[in-house]
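Take a look at the letters that make up each chain.
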There are 2 protein chains.
Amino acid sequence: MRSLLRIVESRTNVPLPPQPKMRIGVLASGNGSNFQELVDQVKAGQLPIKIATLIYNNPDAQVAARAAQAGITPVLLDHRQFTSREALDQAIVETLQTHKVELVVMAGWMRRVTEVLIHQFPDQILNIHPSLLPAFRGAKAIEQALDYGVKVAGCSVHLVRLEVDAGPIIAQAAVPVLEDDTYKTLAERIHQEEYKLLPQAVGWFAQGRVHIKGNRVAISE
Amino acid sequence: MRSLLRIVESRTNVPLPPQPKMRIGVLASGNGSNFQELVDQVKAGQLPIKIATLIYNNPDAQVAARAAQAGITPVLLDHRQFTSREALDQAIVETLQTHKVELVVMAGWMRRVTEVLIHQFPDQILNIHPSLLPAFRGAKAIEQALDYGVKVAGCSVHLVRLEVDAGPIIAQAAVPVLEDDTYKTLAERIHQEEYKLLPQAVGWFAQGRVHIKGNRVAISE
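Cut-offs and rules
Residues numbered from 1 in each chain as written. Chains lettered and ligands numbered in written order. Predicted model: local features only at pLDDT ≥ 70, side-chain atom pairs only at ≥ 80, totals over all residues. Heavy atoms only, no water. Contact = heavy atoms within 4.5 Å. Buried area = accessible area lost by both parts, 1.4 Å probe. Salt bridge = Lys/Arg side-chain N within 4 Å of Asp/Glu carboxyl O. Polar contact = N/O pair within 3.5 Å; in protein donor to acceptor, adjacent residues only side chain to side chain. Pairing = 2+ DSSP bridges. Helix = DSSP H or I, 4+ residues; strand = E, 2+ residues; numbered from the N terminus. Axes fitted to C-alpha atoms, helices over the stretch in contact; angles between N-to-C directions. Disulfide = S-S within 2.5 Å. Buried < 20%, exposed > 50% of the residue type's maximum accessible area, 1.4 Å probe, protein only.

**Some details on the interface of chain B and chain A**
Okay, step 1: Contacts between chain B and chain A engage 29 residues on the former and 29 residues on the latter.
Okay, step 2: In total, about 2200 Å² of surface goes out of reach between chain B and chain A, with carbon and sulfur atoms giving 51% of it.
Okay, step 3: Seen at the junction of chain B and chain A, the total is zero salt bridges.
Okay, step 4: At the junction of chain B with chain A, the criterion picks out 14 residue pairs in polar contact (both at pLDDT 80 or more).

Shown next, in the form of structure tokens:
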């Protein structure tokens with residue numbers, strides 16, 4: 001028994017071959033500050049992923065320059081060039097598959113998804129939304145929160161379902177609303193939390209720590 | 001100018017006569033733990049109000065014994081003894097007026113209000129609700145939050161309108177949802193925040209610091 005134990009012990013001391021990093025595809029429509037945060041954390045060695053591709057749908061989106069700067073060729077799939085949402089999503093699926101993407105991250109992606117994309121990546125598409133869901137779904141969430149007069153706002157990372165902003169919640173962060181907040185000041189405070197929340201959630205997926213049971217999501221140690 | 005200034009200064013040094021404390025009427029249907037917290041803070045000199053009356057609608061409610069213990073005669077208005085919601089509210093209005101109530105606090109009041117009550121106390125009725133409104137309005141808010149799988153829950157103090165859980169928000173507190181939370185553990189954590197939030201909001205009203213502008217509520221220094 002003792003010698004067997006020793007063999008097992010010595011085996012566990014053999015360094016494992018480096019695990020392949022999870023391959024991420026990012027979809028973005030605009031400025032790309034959340035994309036930038038992922039890039040920066042990967043570069044700093046804080047996030048064990050490989051950003052395999054960046055897809056954008058708006059030729060003017062600043063995110064394209066950020067991707068190029070990071071050495072990731074940006075892929076433009078202009079929704080106006082497709083005859084339907086499904087056709088756009090089919091092109092997205094093909095691009096993601098070409099790059100062997102395992103997890104899709106919507107970081108300010110302003111297009112509604114269809115079954116075409118969701119079917120190919122079940123429980124593998126994340127979105128970040130600037131509210132504490134289920135409050136203030138849809139567009140202009142921060143404006144909605146200010147108009148409603150809430151005292152606590154925030155942001156959510158969730159799995160994408162056909163219904164907009166409605167999938168299981170992976171992580172949320174609360175942000176206080178201050179009395180003199182404008183859209184600009186509140187949005188800035190929420191974005192600062194997004195920059196922490198999204199990489200954290202992506203990291204949990206990369207480490208295989210996310211467990212989905214119906215609507216409730218558990219993160220293992 | 002100097003002598004005038006001195007007069008003004010000396011005037012401000014004259015002690016003001018003690019201000020009459022704002023008279024509060026509490027409506028409760030159950031255990032009354034939020035009522036108890038108000039009682040305790042008044043007793044400790046931390047809350048400059050006078051609890052003028054406690055109205056309850058359920059003969060079995062433990063809040064009645066808490067009121068009696070605190071030297072406040074509990075007033076039972078059993079909704080089953082009234083022919084309509086409006087008739088119940090009319091009796092509530094009369095009780096509140098008899099006790100010269102200036103601010104109504106619903107602390108676990110499980111009856112829908114009507115125009116009869118709201119009309120008599122415009123912007124003078126507070127409710128505490130165990131969610132971050134506008135999420136999870138109505139009954140069983142904590143169960144709704146657990147079922148949805150949110151990672152941040154909380155509680156809200158708001159002004160009462162005809163629509164359930166829909167008035168301007170005075171104060172909110174966020175509460176983390178933990179992975180192994182049950183109804184019991186999450187409710188306990190939310191209640192601890194309620195015990196701070198409701199007296200704080202009542203104190204702001206008593207000090208005249210609440211300013212309502214449409215949906216947004218500002219608290220002055």
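Having seen the structure, we can now continue with the description.
**A look at the sheet that holds strand S4 (residues 103–106) of chain A**
Residues and elements named next belong to chain A.
Okay, step 1: Strand order across the open sheet formed by seven strands is S3-S2-S1-S4-S5-S6-S7, with mixed pairing between neighbours. Whereas interior strands pair on both sides, the edge strands pair on one side only; in this sheet they are strand S3 (74–76) and strand S7 (169–176). Taking the axes of each pair of neighbouring strands and ignoring which way they run, one obtains an average angle of 20 degrees across the sheet.
Okay, step 2: Bridge analysis of strand S5 (residues 125–129) against strand S6 (residues 152–159) gives four bridges, and the strand direction is antiparallel.

**Here's the deal with the state of the cysteines**
Okay, step 1: All told, the structure shown has zero disulfides over all chains when counted by the stated rule.
Okay, step 2: Cysteine 155 of chain A carries a free sulfur, and the closest cysteine sulfur to it, the one in cysteine 155 of chain B, is 20 Å from it.
Okay, step 3: The buried category is assigned to cysteine 155 of chain A, whose relative accessible area is 0%.

**Focus on the pattern of salt bridges**
Residue and element names in this part refer to chain B.
Okay, step 1: Taken as a whole and judged by the stated rule, the model has ten salt bridges over all chains.
Okay, step 2: Where glutamate 163 meets arginine 137, a salt bridge forms, and the shortest distance between an N and an O atom there is 3.0 Å. Taken together, the positions of glutamate 163 in the loop between strand S6 (152–159) and strand S7 (169–176) and arginine 137 in the loop between strand S5 (125–129) and helix H6 (141–148) put the pair 26 residues apart, joining distant regions of the chain.
Okay, step 3: Taking the shortest distance from any N to any O, the salt bridge between aspartate 181 and arginine 189 comes out at 2.8 Å.
Okay, step 4: Accessibility expressed as a relative area gives 23% for arginine 189, which makes it partly exposed.

**A short note on the sheet that holds strand S1 (residues 22–28) of chain B**
Residues and elements named next belong to chain B.
Okay, step 1: Taken together, the seven strands give an open sheet; going across it, the order is S3-S2-S1-S4-S5-S6-S7, and neighbouring strands pair in mixed fashion. Every other strand in the sheet has two partners, leaving strand S3 (74–76) and S7 as the edge strands with one partner each. Pairs of neighbouring strands in the sheet enclose a mean axial angle of 20 degrees, with direction left out of account.
Okay, step 2: In this sheet, strand S2 (residues 49–56) lies alongside S1 in parallel orientation, the contact comprising seven bridges. From the neighbouring strand, alanine 28 faces S2, where its bridge partner is tyrosine 56.
Okay, step 3: Across the sheet, helix H4 (residues 85–98) lies against S1, S2, S3 and strand S4 (103–106), angled at about 155 degrees from S2, the strand it touches most.

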